[in-house]
Amino acid sequence: MSLVLLTHPLPEDWIASLRGRVELLIGPESPVGFSPELLERLPEAEGLLTLLTDRVDEALLARAPRLRVVSNMAVGVDNVDVAACTRRGIPVGNTPGVLADATADLTLALLLAAARGIFQAAADARQGRWTTWSPTGWLGADLAGAVVGIVGMGQIGRAVARRVHGFGARIVYVNPSPRPQVEAVLGAERVPLERLLRESDFVTLHCPLNAETRHLIDADALRAMKPTAVLVNAARGAVVDTTALVQALRERWIAAAALDVTDPEPLPPEHPLYHLPNCLITPHIGSATHGTRRRMAEIACENLLAGLEGRRLPHCVNPEVYDEG
Ligand code: DGY
C-alpha cells in the first residue's frame, strides 16, 4: 500500500475513503506543518494530504523522491510550490467550488458587520452604554445602492456578487478575463483596479495569492479608496500590505476593514490591527461550516486516490503534468 502523509488529524468519517486503500500516517494536532515523524518518512511517501498551513517547497520535495501526488485541502495553493511539483511531474489537487457559498456567506457577514459597526454596537449594549434610542447613535453605511468592488471574479467572487446584487448594490469587478454571465445577469461592470478603488463603497478581495496579487492593496491602493470605504479580505492576507493597512485605518484613509485572513497568520495577539476600533478580524473561517469542510476533505481524498492510482485528478491545478507525460 502507498504511504500517505496527512499533516493534521481530520475526523475519521471525512477520510473514510482512504481506509484500507493507503497506509496513512497522520501528524499531530500541533505544530502546524510536517512533524519530525512525518519528515522522517518523507523518502517513502507517495502521497501528501496537506492543509493551507503546510509549506510544500523544493526542499521538501527533494526529500520525497517517490512522491506521486500532492492533495491540498483548500482551493488556494499558495502554500505549494506548484511549479516545482510540475517540474517533477507531480499533480497538485485542490478543492474548488464547494467552499464558494460558505466563503461568500462569511464575506457578507463581515461586510455587513463592518458597515453597521455591529461589534462595537453589541459591545456598547452589553457594557451598559445603551442608555436611550439615539437618532444619531451607531450610524452605519447602506449596502442598498452602494457600489461593491469585487477583486477576483472566480467562483467565490461570483457567489459574493449574487449576494450583494440581492441586497441592491451595484457591482464593479476586476478579473483577468471578462465574466459575461455576471455582466448579463447581475449588471456587473469590469473596470480597471484604479477605477474600482476610486468608486467602490466596499472593496472585497477574492483573488488567489500569487506574484501579481501580493500586496495588490498597498499604500497607494488604500489612498485611492474613498475615506468612507470598507475593505473586506476573505482571500489571502498577503494580498494586502499589512503595514500600509494599519496606517490607513489609523489615519482614516478608509473607514474600516474586515479581515478573515491576515499576514502573518495567525495574527499575534499584540498586533496593532487588534487595537484599531475600525478593524474586525476573524481567524480564517471562510470555509468553516460542517458541510463545507467535510466536502473539502472528501474532495482532497478523491484527488489523492486518483493520483496514487494513476488517474487524472478530478481537481488539478497543474494539468500540464498530463500533457508532458
Ligand atoms: C481555501 O480553501 O483556500 C480557503 O482559504 C480555506 O478556507
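Analysis parameters
- Residues numbered from 1 in each chain as written.
- Predicted model: local features only at pLDDT ≥ 70, side-chain atom pairs only at ≥ 80, totals over all residues.
- Heavy atoms only, no water.
- Near = heavy atom within 4 Å.
- Polar contact = N/O pair within 3.5 Å; in protein donor to acceptor, adjacent residues only side chain to side chain.
- Areas by Shrake-Rupley, 256 points an atom, 1.4 Å probe, with all protein chains shown as cover.
- Helix = DSSP H or I, 4+ residues; strand = E, 2+ residues; numbered from the N terminus.
- Domains from an automatic or database assignment.
- Contact = heavy atoms within 4.5 Å.
- Buried area = accessible area lost by both parts, 1.4 Å probe.
- Salt bridge = Lys/Arg side-chain N within 4 Å of Asp/Glu carboxyl O.
- Expected span 1.5 Å × (residues − 1).
- Buried < 20%, exposed > 50% of the residue type's maximum accessible area, 1.4 Å probe, protein only.
- Pairing = 2+ DSSP bridges.
- Axes fitted to C-alpha atoms, helices over the stretch in contact; angles between N-to-C directions.
- Core = buried A, V, L, I, M, F, W, Y, C linked by side-chain atoms within 4.5 Å.
- Parallel < 35°, antiparallel > 145°, perpendicular 65-115°, else oblique.
- Left-handed = near helix turned anticlockwise from the far one by under 90°.
- Nonpolar A, V, L, I, M, F, W, Y, C, P; charged D, E, K, R; others polar.

Caption draft 1: Representation of the site of the ligand within the structure. Every residue near the ligand is listed here: Leu52, Ala74, Val75, Gly76, Leu99, Arg236, His284, Ser287 and Met296. Contact distances for the ligand include 2.7 Å between an oxygen atom and a backbone N or O atom of valine 75. Within the backbone of glycine 76, an N or O atom sits 2.9 Å from an oxygen atom of the ligand. Relative to its unbound accessible area of 230 Å², the ligand is 93% covered by the protein chains.

Caption draft 2: Region of the structure containing unusual backbone geometry. Looking along the chain, the bond that leaves aspartate 263 and enters proline 264 is cis, with omega of 10 degrees. Going from glutamate 265 to proline 266, the amide bond is cis rather than trans, its omega being -5 degrees. Tracing the sequence through the fold places proline 266 in the loop between β11 (256–259) and β12 (279–281). One non-glycine residue, histidine 215, adopts positive backbone phi at about 55 degrees. Checked against the element boundaries, histidine 215 lands in the loop between β9 (202–205) and α9 (219–224).

Caption draft 3: Region of interest: the domain arrangement of the protein chain. For the protein chain, the assigned domains read domain 1 (3–97 + 290–324) and domain 2 (100–281). When each unit is reduced to the centre of its C-alpha atoms, the spacing between domain 1 and domain 2 is 32 Å. Tallying the contact residues gives 6 residues for domain 1 and 5 residues for domain 2. Around 510 Å² of area is buried between domain 1 and domain 2 when both sides are counted, 47% of it from carbon and sulfur atoms. Among the residues domain 1 hides against domain 2, the three largest losses belong to Leu52, Asp78 and Gly97. Together they make up 71% of the total. Linking domain 1 with domain 2 are 1 salt bridge, by the criterion used here. A salt bridge links aspartate 78 to arginine 236, with the nearest nitrogen and oxygen atoms 2.9 Å apart. Put simply, domain 1 and domain 2 have 2 residue pairs in polar contact (both at pLDDT 80 or more) between them.

Caption draft 4: Looking closely at helix α6 (residues 155–166). For α6, spanning 12 residues, the distance from its first C-alpha to its last is 17 Å, which sits close to the expected 16 Å at 1.5 Å a residue. Where α6 is concerned, the buried positions are Ile156, Gly157, Ala159, Val160, Ala161, Arg163 and Val164. Where α6 is buried, its residues contact α4 (100–116), β6 (147–151), β7 (170–174), α7 (180–186) and β9. Glycine 168, located one to two residues past α6, shows a positive phi value of around 90 degrees.

Caption draft 5: A look at the pattern of salt bridges. Following the criterion strictly, the structure yields 20 salt bridges and no others. Across the salt bridge formed by arginine 87 and glutamate 58, the nearest N and O atoms sit 2.6 Å from each other. One end of the pair, arginine 87, is in helix α3 (residues 82–87); the other, glutamate 58, is in helix α2 (residues 58–62), with 29 residues separating them in the sequence. Given a relative accessible area of 59%, arginine 87 falls into the exposed group. Relative accessible area serves as the criterion here: at 32%, glutamate 58 is assigned to the partly exposed category. Measuring nitrogen to oxygen at the nearest pair gives 2.7 Å for the salt bridge that ties glutamate 309 to arginine 311. We classify glutamate 309 as partly exposed; its relative accessible area is 41%.

Caption draft 6: The arrangement of the sheet that holds strand β4 (residues 69–72) in detail. If you walk across this open sheet you meet the 5 strands as β2-β1-β3-β4-β5, and the pairing is parallel. Strands with a single pairing partner mark the edges of an open sheet, and in this sheet they are β2 (23–26) and β5 (92–93). Bridge analysis of strand β3 (residues 47–50) against β4 gives 4 bridges, and the strand direction is parallel. Within β4, the residue paired with leucine 48 across the bridge is valine 70. Most of the contacts of helix α11 (residues 290–308) go to β4, to which it runs at about 175 degrees, and overall it touches β1 (3–6), β3, β4 and β5.

Caption draft 7: Looking closely at the nonpolar core. One finds Leu18, Leu49, Met73, Ile150, Ile171 and Phe202 to be the most contacted residues of the largest nonpolar core, which totals 54 residues. When residues of this core are assigned to domains, at least three map to each of domain 1 (3–97 + 290–324) and domain 2 (100–281). Apart from the residues lying within four places of it in its own chain, the contact partners of isoleucine 150 are Gly157, Val160, Ala161, Ile171, Val172, Tyr173, Val174, Leu196, Thr204 and His206. Counting residues in hydrophobic clusters, the runner-up holds 36 residues, among them Leu193, Leu196, Val240 and Leu259.

Caption draft 8: View of the packing of α4 against α6. Following both chains from N to C, one finds α4 and α6 inclined at 50 degrees, their axes separated by 8 Å at the closest point. Judged by the angle between their axes, α4 and α6 are oblique. In the crossing of α4 with α6, the sense of the turn from one axis to the other is right-handed. In contact with Ala100, Asp101, Thr103, Ala104, Asp105, Thr107 and Leu108 of α4, α6 contributes Gln155, Ile156, Ala159, Val160, Arg162, Arg163 and Val164. Among the residues making up the contact of α4 with α6, the classes are represented as 7 nonpolar, 3 polar and 4 charged.

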